[in-house]
Amino acid sequence: YFLGWGMMAGLPCEEDRILKVPMVLDPGWYDRQEVPNRDSLVAGGGKWPWVLTDHEEELHKFLGSQGLALESFYYDPRVSRAGETGVGLKSPGSEGIPHQSIVKTYSEAFAALDLYWFNRERELAVTTRTVEYLYCGLPVIYSEGMELSSLLRSKKMGIVVDSWKDLLGISDLKMKLEKARAG
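Cut-offs and rules
For every chain, the first residue of the written sequence is number 1, and numbering continues from 1 along that sequence. Thresholds applied to this predicted model are a pLDDT of at least 70 for local features of residues and 80 or more for the giving and counting of side-chain atom pairs; totals over whole chains, interfaces and linings are not thresholded and use all residues. Computation of side-chain values covers all heavy atoms of the structure but excludes hydrogens and water. Numbering of helices and strands starts at the N terminus; helices are DSSP runs of H or I of at least 4 residues and strands are runs of E of at least 2. Classification of residues uses two cut-offs on accessible area relative to the type maximum, computed with a 1.4 Å probe and protein chains only: under 20% is buried, over 50% is exposed, and between them is partly exposed. Working rule for contacts: check all heavy atoms of both residues, and any pair within 4.5 Å makes them a contact. Each direction from the helix axis to a C-beta atom contributes to the arc, which is the arc of those directions. Whenever a helix is involved, its axis is fitted only over the stretch in contact; in every case the axis is a line through C-alpha atoms, and angles between N-to-C directions fall within 0 to 180 degrees. Any angle that is under 35 degrees is reported as roughly parallel, and any over 145 degrees as roughly antiparallel; angles of 65 to 115 degrees are reported as roughly perpendicular and all others as oblique. When the near helix sits turned anticlockwise from the far one by under a right angle, the crossing is termed left-handed; a clockwise turn instead gives a right-handed crossing. Residues are grouped as follows: Ala, Val, Leu, Ile, Met, Phe, Trp, Tyr, Cys and Pro are nonpolar; Asp, Glu, Lys and Arg are charged; all remaining types, including Gly, are polar. Basic side-chain nitrogens of Lys or Arg form a salt bridge, by our definition, when they fall within 4 Å of a carboxyl oxygen of Asp or Glu. Two strands qualify as a pair provided that DSSP identifies no fewer than 2 bridges between them. Two rings belonging to Phe, Tyr or Trp (six-membered ring only in the last case) form a pair when the distance between their centres is within 6.5 Å. Interplanar angles under 30 degrees mark stacking, angles over 60 mark edge-to-face geometry, and anything in between is tilted. When the strands point away from the viewer and the connection leading from the first strand across the helix to the second strand turns clockwise, the crossover is called right-handed.

### What about the overall build of the protein?
- Of the regular secondary structure elements, the protein holds eight helices and five strands.
- Counting all 183 residues of the protein, 39% fall into the buried class.
- Long-range contacts, defined as pairs at least 24 residues apart, comprise 67% of the intrachain contacts of the protein with a sequence gap of at least 6.

Here it is in structure tokens:
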């Protein structure tokens, strides 16, 4: 994850002192359901400043008009298990969900929504969540200029948009996602 930052800082990145850990995805977790839920779009991750979560209400409305329902698994990294201040009761929903349960939900979904604001951190990082969506066989709605946008476009594994507002202009979204899913 931080190799790109090290390279930009001028670290000699070919040296053995930099530990590289491969991403291992257990095939037993990713068995695809024969008939995915035809209206569920999953989205997840932390509500970091560069994740598109502030327009969720408008997205829910648009996706509903397309026959799709957004199922969010966002967590707020500013809220600890003890509550926002770190003392007292935990905030509802901040305890997280076991990863294997999330993967099961992903594999049962129709597609995934993974839109981010473009910034330097996103330019340098590979989103493991996006790789996981793809591993579950999901077409992904993704932001232009991000680490996997060229691959998604060239392999027809999803829809790449310049802005979340561009997504709202797609009148046949479900059909386009179905085509990407079959491809």
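### A closer look at helix H5 (residues 128–135)
- Among the residues making up H5, those that are buried are Arg-129, Thr-130, Glu-132 and Tyr-133. Buried residues of H5, seen end-on, are gathered within an arc of 160° and therefore sit on one face of the element.
- Buried residues along H5 sit against strand S1 (40–46), helix H3 (99–108), strand S3 (111–114) and strand S4 (140–143).
- One or two residues past the end of H5 sits Gly-137, with phi positive at roughly 85°.

### Here we look at the packing of H3 against H5
- One can describe the packing of H3 onto H5 by two numbers: an axis separation of 9 Å at closest approach and a directional angle of 50°. Considered as vectors, H3 and H5 are oriented oblique to each other. In this structure, the crossing between H3 and H5 has a hand that is right-handed. Facing His-99, Val-103 and Tyr-106 of H3, the residues of H5 in contact are Arg-129, Glu-132 and Tyr-133.
- Within the contact of H3 with H5, the residues separate by chemical class into three nonpolar, one polar and two charged.

### Focus on the pattern of salt bridges
- Under the definition given, this model contains four salt bridges.
- Note that Lys-104 and Glu-108 form a salt bridge whose closest N and O atoms lie 2.2 Å from each other. Of the two residues, Lys-104 and Glu-108 both sit in helix H3, four residues apart, roughly one turn of that helix.
- Of the residues examined, Glu-108 reaches a relative accessible area of 27% and is grouped as partly exposed.
- The closest approach of N and O atoms between Lys-176 and Asp-172, which form a salt bridge, is 3.9 Å.
- Judged by relative accessible area, Lys-176 falls into the partly exposed class, the value being 40%.

### Side note on the sheet that holds strand S2 (residues 69–75)
- Pairing is parallel in the open sheet, where five strands are placed in the order S2-S1-S3-S4-S5. Here the strands that pair on one side only, and so sit at the sheet edges, are S2 and strand S5 (158–161). Taken pair by pair, the neighbouring strands of this sheet meet at an average axis angle of 20°, ignoring direction.
- Strands in contact with helix H2 (residues 56–65) are S1, S2 and S3; relative to S2, the strand with the most contacts, it is inclined by about 155°.
- Contacts from helix H8 (residues 173–182) reach S1, S3, S4 and S5, with the element oriented near 125° to S5.

### Observations concerning the packing of aromatic side chains
- This model, assessed by the stated rule, comprises one aromatic pair.
- When the centroid spacing of 4.7 Å and the interplanar angle of 65° are considered together, the rings of Tyr-106 and Tyr-133 count as edge-to-face. Linking Tyr-106 in helix H3 with Tyr-133 in helix H5, this pair joins segments that are 27 residues apart in sequence. Assigned by exposure class, Tyr-106 and Tyr-133 land together as buried.

### So, the pairing of S5
- Burial along S5 is two-sided: the residues Gly-158 and Val-160 and Ile-159 and Val-161 are all buried.
- Where S4 and S5 come together, four bridges link them in parallel fashion. Residue pairing for S5: Tyr-142 is matched across the bridge by Val-160.
- Read as a crossover between parallel neighbours, the route from S4 over helix H6 (residues 149–154) to S5 is right-handed.

Nothing here speaks to function; it is geometry throughout.
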